[in-house]
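Structural features, examined
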Amino acid sequence: MNNEAKESKDSREVKVAKETREFEGKKLLILGGNPETIPLVEIANNWGIKTIVVSARHTDPAKAYAWKAYDFEGLDTGAVIKIATEEKVDGVLVGVADILVPMYCKVCEALDLPCYATQEIVDVFSFKDVFKSTCERYGVHGIPEFYLDSSMNPEDLAKIQFPVMVKPVDNGGGVGMTVAYNEEELRKGVTVALENSRTKRFIVEKYMQSDDMGMYYTFKDGYCSVSCIYDRYTTDEQPGLSRVCLGGTYPSKHLDEYFERMHPNALRLFREIGIKNGVLMLSGFYENGEFYVYDTGFRLQGEAPHLLMKAIHGFDQREMLIRFALTGSEGDVELKMEDDTRLRGKWAATLWFLLKEGRIAKIEGLDRLDQDERVVANIQRLHEGDTVLPEWIGNEKQVLTRMYLICNSRMELADTLKYYMNTVKVLDEKGNNLLLKGFDVNKALELK
């Protein structure tokens, strides 16, 4: 961090401390209660904000951290508006759930509260087919697709080249997604996708087996900054299912090419649909010199790259979004000075540990993370005594924990990743290993 950026960061921290006291007693309604939303609730609580978490499940863990919690049925926007009105909330914010972004926009509009989304943006990002067609207009390519509808027309089936990925257009995290290697598997995949789609729509795409990437953007007052671009690695131990993430390394080996070939088109897309504030993830593949975007999320991410960004850059996207919800401004962060896609020379990674079906009897290797300065965060979802259910396999519910690492060199990062891959162990009652294999560190970091 240069001196100018450091001075800006130091002065901003003093101002932030004063500003956050001004939020004391304010009421913030947070949509969604999954484990990844808990840190957002905790930050607001620490500022003296009265947090109100609403979600469809009474057992959602983030509710236990809130000042108040409410349930709503399905996606009943009217019920949430009623809660917000009766509580006289000062702001509304969506947590880590794509499915709730449309509700967030409608609730804010009904209560005339700040919202970083608009209906046009929601229409583009809420459905994979609409997002894909919009991207193509700006030269942001999607994965090659095969036309097919629920009638399963024989002429359409004959044109499909296997393997393919079948997806519901309005779900994420691997839910409802399957890989098909033949027509029988394709028909089953369509059934699964339809069962997991609110709008009963699905898409069939080429099954990509190339480099997976994430592109994470921060927006403030119309300025767009690429906070990080990273390479993502997925498991191949679960054939026929969505390839769940095993982790990622930062910065991406394709960073320069992305800025040259794709970034200008993405900027035009963002500008034209009117994005001014907020955070956005694009997920894509790199194959033979071309980038193919396959997913997006206009909200904080379950992968939580913002944790690495905070540790390296100093600003916290969660704080920016909370402040925006209550004031309509993300604060005094100077993205041009404080954000750096190249991570100020650091090397970073997320390391996910995926579990097989079974009951967790013993976890080893996670008890001393707070003593390792290279580990800046660890988000644990499952614990001893929990059971990994069959329906969790193939989506992010099978994640034990996500570890966040920052190192001074590529070699140090490689050594750290290998250490934890060898140290962390998860066993069932019979002593059987419940962990899937991690990714190939040498290949990921291009080491000999």
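Owing to the predicted nature of the structure, the values given are computational and were not obtained by experimental measurement.

**Brief notes about the layout of surface pockets**
Any space left empty among the atoms is revealed by the rolling of a water-sized probe across them. In this structure, the second largest pocket encloses a volume near 240 Å³. Taken together, 15 residues form the lining of the second largest pocket, with Met421, Val424, Leu435, Leu436 and Gly438 sitting closest to its centre. If you list the elements that add at least two residues to the lining of the second largest pocket, you get β14 (347-354) and α14 (410-423). With four residues, β14 is the single largest residue contributor to the lining of the second largest pocket. Residues belonging to the lining of the second largest pocket are distributed by class as follows: nine nonpolar, three polar and three charged.

**With respect to the packing of helix α2 (residues 38-46) against helix α12 (residues 317-327)**
Viewed as axis vectors pointing N to C, α2 and α12 meet at an angle of 65°, and their least axial separation amounts to 10 Å. Here α2 runs over α12; the crossing is right-handed. Here Pro39, Leu40, Ile43 and Ala44 of α2 come into contact with α12, specifically with Arg318, Glu319 and Ile322. Its residues assigned to classes, the contact of α2 with α12 comprises five nonpolar, no polar and two charged.

**Considering the confidence of the model for the protein**
Interpretation of this model should avoid reading the predicted coordinates in detail wherever pLDDT is low. Here the protein averages 91 in pLDDT, and 95% of its residues register 70 or above. Put simply, helix α1 (residues 3-22) is where the protein has its lowest mean pLDDT, 55, and strand β1 (residues 27-31) is where it has its highest, 98.

**Re the pattern of salt bridges**
For the coordinates displayed, the defined rule picks out 26 salt bridges. The closest approach of N and O atoms between Asp71 and Lys63, which form a salt bridge, is 2.3 Å. For Lys63, a relative accessible area of 9% translates into the label buried. Among the ionic pairs, Asp316 bridges to Lys310, the shortest N-O distance being 3.6 Å. Since its relative accessible area comes to 3%, Asp316 is described here as buried. With a relative accessible area of 36%, Lys310 lands in the partly exposed category. Through salt bridges with shared partners, a single ionic network connects Glu36, Arg381, Glu396 and Arg402.

Rules of the game
Residues numbered from 1 in each chain as written. Predicted model: local features only at pLDDT ≥ 70, side-chain atom pairs only at ≥ 80, totals over all residues. Heavy atoms only, no water. 1 Å grid on protein atoms, 1.4 Å probe; cavity = no way out; pocket = protein on both sides within 12 Å on 5 of 7 lines; lining within 4 Å. Points joined across faces, edges and corners; volume = space filled by probe spheres on them. Helix = DSSP H or I, 4+ residues; strand = E, 2+ residues; numbered from the N terminus. Nonpolar A, V, L, I, M, F, W, Y, C, P; charged D, E, K, R; others polar. Axes fitted to C-alpha atoms, helices over the stretch in contact; angles between N-to-C directions. Left-handed = near helix turned anticlockwise from the far one by under 90°. Contact = heavy atoms within 4.5 Å. pLDDT = per-residue confidence, 0-100. Salt bridge = Lys/Arg side-chain N within 4 Å of Asp/Glu carboxyl O. Buried < 20%, exposed > 50% of the residue type's maximum accessible area, 1.4 Å probe, protein only.

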